[in-house]
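Here's the letter readout for the chains.
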Amino acid sequence: MPLTLLAISLVLLFAAELLYFKIADHFNIIDKPNHRSSHTAITIRGGGIIFAFAILAFSFYAGFVYPYFLVGLLLIGFISFMDDIRELSSKVRMLFHITAVALLFYQLHLFVFPVYWILLALVFVIGTINAINFMDGINGITGGYGLVTLVTLQYINAVRVHFTADGFLIVAILAVLVFNFFNFRTKAKCFAGDVGSVSLAFIILFFLLQLIIKTQNPGYFALLLLYGLDAISTIVFRLFRKENIFKAHRSHLYQFLANEKKLPHVLVASLYALVQLGINICWLAFLSASNFKLAAVLVLVTGLFVALRFLLEGPRRLLKPVKI
């Protein structure tokens, strides 16, 4: 992408974000802290709307290369934004999520596979989108982690294997940088909201699935490994405690570090981003060509992560019921 176009895109995205702040302030689209929150100040919600806007705007410029993906993104972004404004029925949200992911699959030509594979993939993708959404709880974590993932995908697309149309990843990266300018700080100007975390998850999964289909290597899901370990281990520990895993909570490791250990949000977010960056570098340098090595490292990393949680949080917090 030419430098002039990069500069224009960055200016337009900043302008769009600032315009949204004025709209959100006028219509009182704000996040009020409650007993589950990791923040204490009233803050504008939905700043992550810039992610979907960036893809929409670039699609106009690029000639709607991925129309079904775009419609799916707009659908899932719309229902998530509505949920940011007022809480919607889980059935309504699920209907939109299923429709959006079905459009994503159609864009990727996945409906040639047997029905049971499609259903498994549907459950996996929707579960991953919601897991990424649940990980959005402190300043900087969504933007920092998303930036590392998108930059890694852009490096792969530019240097290793070309798997998606030029420009889309760069525009997504610019949108995350703009969002980080307002969110990756001690006192955030805005939060991503469901519209941000869900839309970013949808965008990342689209690129990631394109890469996996192109290379026939599902090991690239390692680019989301740290989020996966935190989300899955938290579900397992909550099941041990006989909690309703569909109810809101503060049981993730990042929440423990930010809330109980009182580590600065930006520090915790930076740690998650840097650890995932290290995983990405190791994966690309040593593991991408060997499924056996990858499996061995996954087992090792999983064991270390669970051990770290026991060391930091203690068996009582992880395995016995706690008040939320």
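Please refer to the structure higher up on the page.
Given the structure is predicted, the values throughout are model-derived calculations rather than measurements.

End to end, helix α4 (residues 90-107) covers 26 Å across 18 residues, agreeing with the expected 26 Å (1.5 Å per residue, within 8%). When α4 is considered as a whole, its buried residues turn out to be His-97, Ala-100, Val-101, Leu-103, Leu-104, Phe-105 and Gln-107. Buried residues along α4 sit in contact with α3 (67-85), α5 (115-134) and α8 (193-215). Between a side-chain oxygen at the N-terminus of α4 and the backbone nitrogen of Lys-91 the separation is 3.1 Å; the capping residue is Ser-89. Just downstream of α4 lies His-109, where phi reads positive at about 60°.

Among the nonpolar cores identified, the biggest contains 89 residues, and Phe-69, Ile-129, Leu-150, Phe-202, Phe-207 and Tyr-272 are the most heavily contacted of them. Among the elements that take part in this core, α8 stands out by supplying 14 residues, more than any other. Residues contacting Tyr-272, with those up to four places away along its chain left out, are Met-135, Ile-141, Tyr-145, Leu-226, Tyr-227, Asp-230, Leu-253 and Tyr-254.

Two elements in contact, α4 and α8, have axes whose closest approach is 11 Å; the angle formed by their N-to-C orientations is 25°. Relative to α8, the element α4 is oriented roughly parallel. Judged by the twist between their axes, the crossing of α4 over α8 is right-handed. Across the interface between the two elements, His-97, Ala-100, Val-101, Leu-104, Phe-105 and Gln-107 of α4 pack against Val-198, Phe-202, Phe-206 and Leu-209 of α8. Looking at the contact of α4 with α8 residue by residue, the class counts come to eight nonpolar, two polar and no charged.

What counts as what
Residues numbered from 1 in each chain as written. Predicted model: local features only at pLDDT ≥ 70, side-chain atom pairs only at ≥ 80, totals over all residues. Heavy atoms only, no water. Helix = DSSP H or I, 4+ residues; strand = E, 2+ residues; numbered from the N terminus. Expected span 1.5 Å × (residues − 1). Buried < 20%, exposed > 50% of the residue type's maximum accessible area, 1.4 Å probe, protein only. Contact = heavy atoms within 4.5 Å. Polar contact = N/O pair within 3.5 Å; in protein donor to acceptor, adjacent residues only side chain to side chain. Core = buried A, V, L, I, M, F, W, Y, C linked by side-chain atoms within 4.5 Å. Axes fitted to C-alpha atoms, helices over the stretch in contact; angles between N-to-C directions. Parallel < 35°, antiparallel > 145°, perpendicular 65-115°, else oblique. Left-handed = near helix turned anticlockwise from the far one by under 90°. Nonpolar A, V, L, I, M, F, W, Y, C, P; charged D, E, K, R; others polar.

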